[in-house]
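# Observations on the three-dimensional arrangement
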Amino acid sequence: MRGVCVSILCVSVILRSAISQPPTESDTYTECTDGYQWDSQTQHCKDINECETIPEACKGEMKCFNHYGGYLCLPRSASVIPAQDPPSQPGTNLESTAREPFNPCPLGYEPQGDSCVDVNECERDEHDCQPSQQCINTPGAFTCQCPDGYRKVGTECIDIDECRYRYCQHRCVNVPGSFSCQCEPGFQLAGNNRSCIDVNECDMGAPCQQRCYNTYGTFLCRCDQGYELGPDGFACNDVDECSYSSYLCQFQCVNEPGKFSCQCPEGYQLLGTRLCQDINECETGEHQCTTGQTCVNIHGAYQCVDTNLCQDPYIQITDNRCVCPVTKPACRDLPFSIVHRYMSITSERSVPSDIFQIQATSVYPGAYNTFRIRSGDDNGDFYIRQINNISAMLVLARAVTGPLEYTLDLEMVSVNPLLSYQTSSALRLSIYVGPHAF
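Calculation rules
- Within any chain, residue numbers begin from 1 and follow the written order of that chain's sequence.
- Local features in this predicted model are restricted to residues of pLDDT 70 or higher, and side-chain atom pairs are both shown and tallied only at a pLDDT of 80 or more, whereas totals for entire chains, interfaces and linings draw on every residue.
- By convention in this description, side-chain values take in all heavy atoms of the structure and omit both hydrogens and water.
- At least two DSSP bridges between two strands are required for those strands to pair.
- We count a stretch as a helix when DSSP gives it H or I for four or more residues in a row; a strand needs E for two or more, and each element gets its number in order from the N terminus.
- The rule for a disulfide is simple: a pair of cysteine sulfur atoms within 2.5 Å.
- Buried, partly exposed and exposed residues are distinguished by accessible area as a fraction of the type maximum, computed with a 1.4 Å probe on protein chains only: under 20%, between the cut-offs, and over 50%, respectively.
- Pairing of aromatic side chains here covers Phe, Tyr and the six-membered ring of Trp, requires ring centres within 6.5 Å, and sorts the geometry by plane angle: under 30 degrees stacked, over 60 edge-to-face, intermediate tilted.
- By definition, being over a ring means that NZ of Lys or CZ of Arg is both within 6 Å of the ring centre and within 35 degrees of the ring normal.

### Side note on the pairing of strand 14 (residues 156-159)
One ladder, built from 4 bridges, connects strand 13 (residues 150-153) with strand 14; its direction is antiparallel. Across the sheet, Arg-151 pairs through a bridge with Ile-158, a residue of strand 14. The turn linking strand 13 back onto strand 14 is made up of 2 residues, and Gly-154 within it adopts a positive phi angle of 70°.

Now the structure itself:
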């Protein structure tokens, strides 16, 4: 038997003929087996080179290799390495061959009646297969087949390293006669035992404290709003939003698990989520003013003022207006009328700031009006800016911080030089400065 091996596969061919076949009968016998032709010069059967005699014996990228009694089509990168001939059996020589009975049948066949039948070398144990190999009978010959997972090199069976052929998507582990596939962490083998499919760790109890997001081959932990991911990548820690900025709330920020809230001081209510708005206790009825008092709302609180604020020699004309009659001698150097007004401003107001406009209610022809602060501004926190003959603006000159209360008498002096007439009226303005800047 003679075999041929190539770099990518090994093919064993049973050859019971030598390079040439001697005639088995008289000199007139010129028939040869398939793949051979009679050579009249050497009087032997000569191998036919099908690679030369058959046009395009191999198609495509295959290359033709001539072989005894036939040919092989192998990849162009293959090379043929003839296997060694088996050692000659001891005691076999031409003399003993000559004593064998004449066999008119081709090699691998034996006569049976008038015909030639195949010899089953496997059943007769007339083969040289290794114990690990399986003998398979073929017409006129036999082959030695290796178990699955092995390939034949010469007469030996060598384990096939299937991992070289990239059968596995991730990792391949070669074992004698077979192989197994393994997947990277985060994957598991598919039903074909070769491909790897993603494992959804979120459905399998991933250690995320709040939210789990499956990704290809792994997973990510995320936290709800108001929390941040801890150093371990799993736990969620509360975010103290109040420590990040002092401008989150207008008054006070209170941190809570996963969020924060804003609080307002007494007398204020939350406007939206962050701003504070003064509560008008006079409108809501949340005051304790009596029947003879008027409720005045101020920033963060309220004031109860008497309804009758007129002091002698003034007499009350309306709820907030007092008049000093000219018939009373004590009224000569006093403003003719006093009007009571109330207002509230916030602390830390930017200055200068216009806070109150004074407007004359009656104007006499030919009269010239001037405005001044008659009393109440001992520290010089205010000043008057006259706009025209009938109006002026009270201006806050310095920033003030409450709670504070001012009572300013703003006087308008009217002079008529043609009639040699002078009079005045006053606006008693109570200013309440709230304790906060809102």
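Additional details are given in the paragraphs that follow.
### A short note on the sheet that holds strand 36 (residues 404-416)
Taking strand neighbours across the sheet as the criterion, the 6 strands line up as 29-30-31-37-36-33 in an open arrangement whose pairing is mixed. Edge strands, defined here as strands with exactly one partner in the open sheet, are strand 29 (315-316) and strand 33 (368-375). In this structure, strand 36 lies alongside strand 37 (residues 421-433), joined through 13 bridges in antiparallel fashion. Each residue of the ladder has a partner; that of Leu-410, found in strand 37, is Leu-427.

### Remarks on the state of the cysteines
Inspection of every chain in the model, using the stated rule, returns 20 disulfides. A disulfide bridge connects Cys-289 with Cys-304, and the sulfur atoms are separated by 1.8 Å. With the S-S dihedral at roughly -85°, the linkage between Cys-289 and Cys-304 falls on the left-handed side. Here Cys-289 is found in the loop between helix 4 (281-284) and strand 27 (293-298), whereas its partner Cys-304 is found in strand 28 (residues 301-306), with 15 residues between them in sequence. In this structure Cys-289 comes out as buried when scored by relative accessible area, which is 14%. Through a disulfide, Cys-310 is tied to Cys-322; the S-S separation comes to 1.7 Å. Negative torsions about the S-S bond denote left-handed disulfides, and the value of about -90° found for Cys-310 with Cys-322 makes this one left-handed. Remark: Cys-322 occurs in strand 30 (residues 321-323) and Cys-310 occurs in the loop between strand 28 and strand 29; sequence separation between them is 12 residues. Cys-322 shares its class with Cys-310; the two are buried.

### Describing the packing of aromatic side chains
On inspection of all chains with the given rule, the structure shows 7 aromatic pairs. Ring centres of Phe-187 and Tyr-216 lie 4.9 Å apart, and the angle between their planes is 75°; this geometry places the pair in the edge-to-face category. Placement of the pair is Phe-187 in strand 17 (residues 187-189) and Tyr-216 in the loop between strand 19 (211-215) and strand 20 (218-222), with a sequence separation of 29 residues. Judged by relative accessible area, which is 63%, Tyr-216 ranks as exposed. Ring geometry for Phe-382 against Tyr-406: centres 4.9 Å apart, planes inclined by 85°, an arrangement best described as edge-to-face. Placement of the pair is Phe-382 in strand 34 (residues 382-386) and Tyr-406 in strand 36, with a sequence separation of 24 residues. Residue Phe-382 shares its accessibility class with Tyr-406, and that shared class is buried. Ring-pair connections join several aromatic residues into one group, and the members of that group are Tyr-165, Tyr-167 and Phe-179. It is Arg-194 that lies over the ring of Tyr-167; its NZ or CZ is 4.8 Å from the centre.

### Section: unusual backbone geometry
Following Asp-312, the chain continues into Pro-313 via a peptide bond in cis, with omega recorded as 15°. The residue Pro-313 is located in the loop between strand 28 and strand 29 in this model. The step from Val-351 to Pro-352 runs through a cis peptide bond, and the omega angle for that step is -10°. Along the chain, the position of Pro-352 falls in the loop between strand 31 (337-345) and strand 32 (353-359). Even without being a glycine, Glu-56 presents a positive backbone phi close to 50°. Here Glu-56 shows up in the loop between helix 1 (50-53) and strand 6 (62-67). Phi at Glu-348 takes a positive value of approximately 55°, unusual for a residue other than glycine. Note that Glu-348 resides in the loop between strand 31 and strand 32. With relative accessibility at 57%, the residue Glu-348 sits in the exposed group.

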